Amino acid sequence: MTTLAELDWQTYNEMVTAPDSIIFLPIGALEQHGPHMSMNPDVLIPQAIAGQVCCHLDNAMVAPPITYGYKSQQQSGGGNHLPGTTSLDGITLTQTIRDVIKEFARHGARRIVMMNGHYENSMFVVEGIDLAIRELGWAGVDDINVMILSYWDFVGDTTIERLYPDGFTGWDLEHGGVLETSLMLHLYPHLVDMSKVVDHEPAMFPPYDMFPVNPELTPPSGTLSSARNASREKGKILMDVCVGGIAHAVREKFQSSPAVSALETGVA
Ligand code: ZN
Ligand code: MN
């Protein structure tokens, strides 16, 4: 994989101005993920996926991730009141995304993939993309294309049935649960301690939010479902599905090469 920040500027210049170059920008958060895991899975997981996807593409680079994200919401991240969770205002994230896209465009980048790892970021990233494309258009740059994706959207029903035989509660309640914990066990086992997993029923929320939040609605662990059934094996399955699916989508949109790698034949 090519790490953008580790290149010298002349090598970067050659790569970024190549006709089929692609920059991946992982966008995460610094957010508590329960007592059993570090606070950076939302950064590390999309960064690792982007790194592996890059290996299957020509002239692809992974940019340094955005390591802070939009405020954790109670029904998808436990809430922004929890210690450790350190968030940006929406306007800060939006403008950071806008600025970084405009800078890559100034270097000549015309294909950028925003790899989101933190649900709450979604619309602020969209806004940053929209502002960047609008302003680049004013400057006469009208051939930039930006893809935005959240890696869990590439986990299809077949994989969900295989990994959640007892039923699936939805991605929002997966905060600190089987998905993220399995991926972290596969990628960064030293950042997970399964002996500290708090086994609890999935969190129950009313169909609305109140502000300020009632902290008692968040399970005391900070996780929204139990990671008890997480495993390295599940993490490997999830990684393969996400890398295969994303590589396929990116190549389809951005690189017309008809080559089909062995990786893609395993896509669920
Ligand atoms: Zn997360
Ligand atoms: Mn998150």
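Every chain is numbered independently, its residues counted from 1 as its sequence is written. Whichever chain is written first becomes A and whichever ligand is written first becomes 1, with later ones labelled in order. Reporting in this predicted model follows two pLDDT cut-offs: at least 70 for local features of residues, and 80 or more for side-chain atom pairs to be given and counted; totals over whole chains, interfaces and linings ignore these cut-offs and use all residues. Excluding hydrogens and water, the side-chain values take into account all heavy atoms of the structure.

**Some thoughts on the coordination of the manganese ion (ligand 2)**
Of the protein atoms, only E31 (OE), D42 (OD) and H118 (ND1) coordinate the manganese ion (ligand 2), at distances of 2.0 to 2.3 Å. Here the term donor refers to an N, O or S atom within 2.8 Å of the metal (or 3.2 Å for Na, K and Ca), and because water is left out of the atoms, sites may appear incomplete. Sequence positions of the donors to the manganese ion (ligand 2) reduce to the motif E-x10-D-x75-H. A spacing of 3.3 Å is found between the manganese ion (ligand 2) and the zinc ion (ligand 1), which share D42 as a donor. Highlighted residues: D42 in helix α2 (residues 41-54) and H118 in the loop between β5 (111-116) and α5 (122-138), separated in sequence by 76 residues. Relative accessibility under 20% of the residue-type maximum defines a buried residue, over 50% an exposed one, and the middle range a partly exposed one, all with a 1.4 Å probe and only protein chains included. Taking the relative accessible area as the measure of exposure, D42 reaches 2% and is therefore buried. When its relative accessible area of 1% is taken as the criterion, H118 is described as buried. Each helix is a run of H or I in the DSSP string that is no shorter than four residues. Each strand is a run of E no shorter than two, and both are numbered from the N terminus.

**Describing the environment of I112**
Looking at where I112 falls in the secondary structure, it is placed in strand β5. A sequence separation of 52 residues divides I112 from A60, and the C-alpha atoms of the two residues are 9.6 Å apart.

**Describing the packing of aromatic side chains**
Stacked, tilted and edge-to-face pairs are distinguished by plane angle, under 30 degrees for stacked and over 60 for edge-to-face with tilted covering the rest, among Phe, Tyr and Trp rings (Trp via its six-membered ring) whose centres lie within 6.5 Å. Taken as a whole and judged by the stated rule, the model has 4 aromatic pairs. Measuring from centroid to centroid gives 4.2 Å for Y70 and F124, while their planes differ by 35 degrees, and the two rings are tilted. Here Y70, found in strand β3 (residues 69-70), pairs with F124, found in helix α5; they are 54 residues apart in sequence, far enough to count as distant. When its relative accessible area of 25% is taken as the criterion, F124 is described as partly exposed. Taken together, the ring pairs connect Y164, F168 and W171 into an aromatic cluster.

**Side note on the coordination of the zinc ion (ligand 1)**
H33 (NE2), D42 (OD) and E180 (OE) make up the full set of protein donors to the zinc ion (ligand 1), lying at 1.8 to 2.1 Å. The motif formed by the donor residues of the zinc ion (ligand 1), counted along the single chain, is H-x8-D-x137-E.

**Structural notes on a nonpolar patch on the surface**
Think of a patch as exposed residues, more than 30% relative accessible area, with no salt bridge, where like charges cluster within 9 Å and nonpolar side chains (Val, Leu, Ile, Met, Phe, Trp, Tyr) cluster within 5 Å. Method for areas: the Shrake-Rupley scheme with a 1.4 Å probe, in which residue coverage is limited to the protein chains shown. Take a side-chain nitrogen of Lys or Arg and a carboxyl oxygen of Asp or Glu: if they are within 4 Å of each other, that pair is a salt bridge. The grouping of M123, V126 and I148 at the surface amounts to a nonpolar patch, some 270 Å² of accessible area in total. Tracing the backbone shows I148 in strand β6 (residues 145-150). Relative accessible area serves as the criterion here: at 35%, I148 is assigned to the partly exposed category.

**Re the layout of surface pockets**
The pocket and cavity definitions rest on a 1 Å grid over protein atoms only: a 1.4 Å probe that fits but cannot leave marks a cavity, an open set with protein on both sides within 12 Å along at least five of seven lines marks a pocket, and residues lining either have an atom within 4 Å of a point. Grid points are joined across faces, edges and corners, and a volume is the space filled by probe spheres set on the points. Counted as a void, the largest pocket has a volume near 410 Å³. Forming the boundary of the largest pocket are 18 residues, of which D166, G167, V178, S226 and N229 lie nearest the centre. Classification used: nonpolar for Ala, Val, Leu, Ile, Met, Phe, Trp, Tyr, Cys and Pro, charged for Asp, Glu, Lys and Arg, polar for all others including Gly. Here the residues of the lining of the largest pocket are counted per class, giving 6 nonpolar, 6 polar and 6 charged. Each pocket or cavity is described by its volume, and for the second largest pocket that value is around 200 Å³. When its residues are assigned to classes, the lining of the second largest pocket shows 5 nonpolar, 5 polar and 6 charged.

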